[in-house]
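Residue-level structure breakdown
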Amino acid sequence: RGDPRRFRYLLSAVIAKQEQASASPCILPAQTVSASVQGSVAPLSNHTPGEMAEDTLKYQAAIQASLTRVYEVLSEMPKLAEVANKEMASLATRMEKCLADIKSKEAMAKSEKQKSDADMYQMVLPDVTPLTIAEEENDPSVGKRQGAMRRVSVTLSPSLSGEFKSRKSGEIVRKSLDKGKDEEVEEPERRGRGWETMTRLQSGFLAFREKVETNCLSVFQSLKFHQEPKVMIIACVDSRVSPNMVLQAHPGDIFTHRNVANLVPPYEKLGDYHGTSAAIEYAVCHLKIEHLVVMGHSNCGGIRSLMDDSQNDAIEAGEYGHDFIPSWMRLAHPARTQAKRYCKDKDFQQQCSYCEKEAINGSLANLLTFPFVKDAVNNGNLSLHGWYYDMTHLKLSTWNMRLLISDMKTL
């Protein structure tokens, strides 16, 4: 108690302990305690015993105050830890809620997208919808034909749901033409392969859309507002011959026009409706295609009916029973004549195969009657091709048509 040396030794030991503990993090570092103790009294050197005793008391008071502060801080640590745990728990709860909201919004957006019209494909799959039928007596804008004209307006639901309900029977509301009031009419049963095919096609579109959105959406987005095909194909409407499927074409590769027997009429301005001619003009003059292909195929129904003598005689006599097919198939009569001449000793199947190929050449020749086609060929901007798809043996025969102009001679 009265020995300054012993106190100085103890004080040095305390300070050393504090400095040794300063290596680990602490709310109140050892340096702070040491500095507070040393700053409260003057150095011990050159002091009288009385002054040293007084300084010792000051050291003791400073150490006691520092230790008290340390104890206070340590006592507050559990409270601080509890507060921190509560804050962390609250933050985790808010994060889980935000993630749940995000997932909910994504699910709602996907559901809305499935229910809305497909913006990229502009395709509507209708469900059972009301039909409104109204009668107009002798509409002058249409002309008189068979008495009263019936104008039918159909409203289709733009629903694109992921499921298609199979309804064997149901009810639709139809306005009676006679009574002028609503009556319930039972919908006929949906039976047969036709309805099965329709359902499968609609489901196929949904699978197609999902595949596009997953794998190649950017490709279809790039084709959303414009097309730049370099090839046009004139093919048959036969359900077994799809150029896109047979040729494995990518979207935007080919500009396709299909008609009965893949025929091309000669250039003419008479008449009002020229679907094939309009398609050719659009492809050559606006799309600036570089290759035009007439693609025929084996076992063509139109050519077979043309080569059948009994059916051909009925067509010539106007007794075929159809309004448009006879006149359209007359475009291939030169090919029939060639087949009958050069394949008269062949069987019917071989005659048909020859006629199918010769009809392609006739269509290529008719293409050159279009002034804009001939000019594009002469300028080297367009090439004409004939293709023949043998669906029986899975073979594709190709040839090109060349327009040769001889040198001019002066006589």
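For the structure itself, consult the block above.
The text that follows walks through the structure, step by step, so that each part is easy to find. Bear in mind the structure is a predicted one, so any value in this text is a computation, not a measurement.

Time to look at the overall build of the protein. Along the backbone of the protein there are 13 helices and 9 strands. Among the 411 residues that make up the protein, the fraction classed as buried is 27%. In the structure as shown, the protein presents an accessible area of about 28,700 Å², 53% of it carried by carbon and sulfur atoms.

Turning our eyes to something else, we now look at the packing of aromatic side chains. This model, assessed by the stated rule, comprises 6 aromatic pairs. Geometrically, the ring pair formed by F370 and F372 is tilted, given 5.7 Å between the ring centres and 55 degrees between the ring planes. By relative accessible area, F372 is classed as buried at 18%. Each member of the aromatic cluster is reached from another via a ring pair, and the members are F205, F208 and F220.

We now examine a nonpolar patch on the surface. A cluster of nonpolar residues, L67, Y71, L74, M77 and L80, forms a patch on the protein surface that exposes about 500 Å² of accessible area. Within the secondary structure, M77 sits in helix α3 (residues 49-115). Accessibility expressed as a relative area gives 36% for M77, which makes it partly exposed.

On to the nonpolar core, then. Residues I280, L292 and V373 are the most contacted members of the largest nonpolar core, which totals 24 residues. Mapped by element, the contributors of at least two residues to this core are β5 (231-236), α7 (275-286), β7 (291-297), α12 (348-367), α13 (371-378) and β8 (383-390). I280 has contacts with M232, I234, V264, L292, L367, F370, F372 and V373, leaving out every residue within four places of it along the chain. In terms of nonpolar packing, the next biggest core, distinct from the first, is built from 14 residues, C300, M307, C352 and C355 among them.

Let us now look at the side chain of H385. By the secondary structure assignment, H385 is in strand β8. The class for H385 is buried, based on a relative accessible area of 13%. Only 2.6 Å separates the side chain of H385 from the side chain of N400, close enough to count as a polar contact. Apart from the residues within four sequence positions on either side, H385 is in contact with H291, L292, V293, V294, L364, W399 and N400.

Here the focus is the environment of Q227. With respect to the element layout, Q227 can be found in the loop between α5 (217-222) and β5. Along the chain, Q227 and G252 lie 25 residues apart, while their C-alpha atoms are 6.1 Å from each other. If sequence neighbours within four positions are ignored, Q227 has contacts with F255, Y282 and L287.

Glancing now at the packing of helix α11 (residues 333-342) against α12. Packing of α11 against α12 brings their axes to within 8 Å, and their N-to-C directions diverge by 140 degrees. Considering their axes alone, α11 and α12 lie oblique with respect to each other. For the crossing formed where α11 meets α12, the hand is right-handed. For the pair α11 and α12, contact is made by A335, R336, Q338, A339, K340 and Y342 and by Q351, Y354, C355, E358 and A359, respectively. Class assignment of the residues belonging to the contact of α11 with α12 gives a composition of 6 nonpolar, 2 polar and 3 charged.

Reading the values: the criteria
Counting from 1, residues in each chain are numbered in the order their sequence is written. Confidence filtering applies because this is a predicted model: local features only for residues at pLDDT of at least 70, side-chain atom pairs given and counted only at 80 or more, and all residues used for totals across whole chains, interfaces and linings. Values reported for side chains reflect all heavy atoms of the structure, with hydrogen atoms and water molecules removed beforehand. Only DSSP runs of H or I reaching four residues or more are called helices, and only runs of E reaching two or more are called strands; each is numbered from the N terminus. When accessible area is computed with a 1.4 Å probe and restricted to protein chains, residues below 20% of their type maximum are described as buried, those above 50% as exposed, and intermediate ones as partly exposed. Calculation of accessible area relied on Shrake-Rupley with a 1.4 Å probe; when residues are assessed, cover is drawn exclusively from the protein chains displayed. To pair, rings of Phe, Tyr and Trp, with the six-membered ring standing in for Trp, must have centres within 6.5 Å; the planes then decide the type, stacked if under 30 degrees apart, edge-to-face if over 60, and tilted in the middle. Each patch groups residues whose relative accessible area exceeds 30% and which form no salt bridge, using 9 Å between like charges and 5 Å between nonpolar side chains of Val, Leu, Ile, Met, Phe, Trp and Tyr. Within this document, salt bridges are pairs made up of a side-chain nitrogen of Lys or Arg and a carboxyl oxygen of Asp or Glu, the two lying within 4 Å of each other. Definition of nonpolar core: a set of buried residues of the types Ala, Val, Leu, Ile, Met, Phe, Trp, Tyr and Cys, connected through side-chain atoms within 4.5 Å. Contact between two residues is taken to exist if any of their heavy atoms lie within 4.5 Å; hydrogens are not considered. Polar contacts, as used here, are pairs of N or O atoms within 3.5 Å; protein pairs need one atom able to donate a hydrogen and one able to accept it. Residues neighboring in sequence count only if both atoms are side-chain atoms. Where helices are involved, their axes are fitted lines through C-alpha atoms of the stretch in contact, as for all axes, and angles between N-to-C directions lie from 0 to 180°. Any angle that is under 35 degrees is reported as roughly parallel, and any over 145 degrees as roughly antiparallel; angles of 65 to 115 degrees are reported as roughly perpendicular and all others as oblique. Should the near helix be turned anticlockwise from the far one by less than a right angle, the crossing is termed left-handed; should it be turned clockwise, right-handed. Under the convention adopted here, Pro, Cys and the residues Ala, Val, Leu, Ile, Met, Phe, Trp and Tyr are nonpolar, Asp, Glu, Lys and Arg are charged, and Gly plus all remaining residues are polar.

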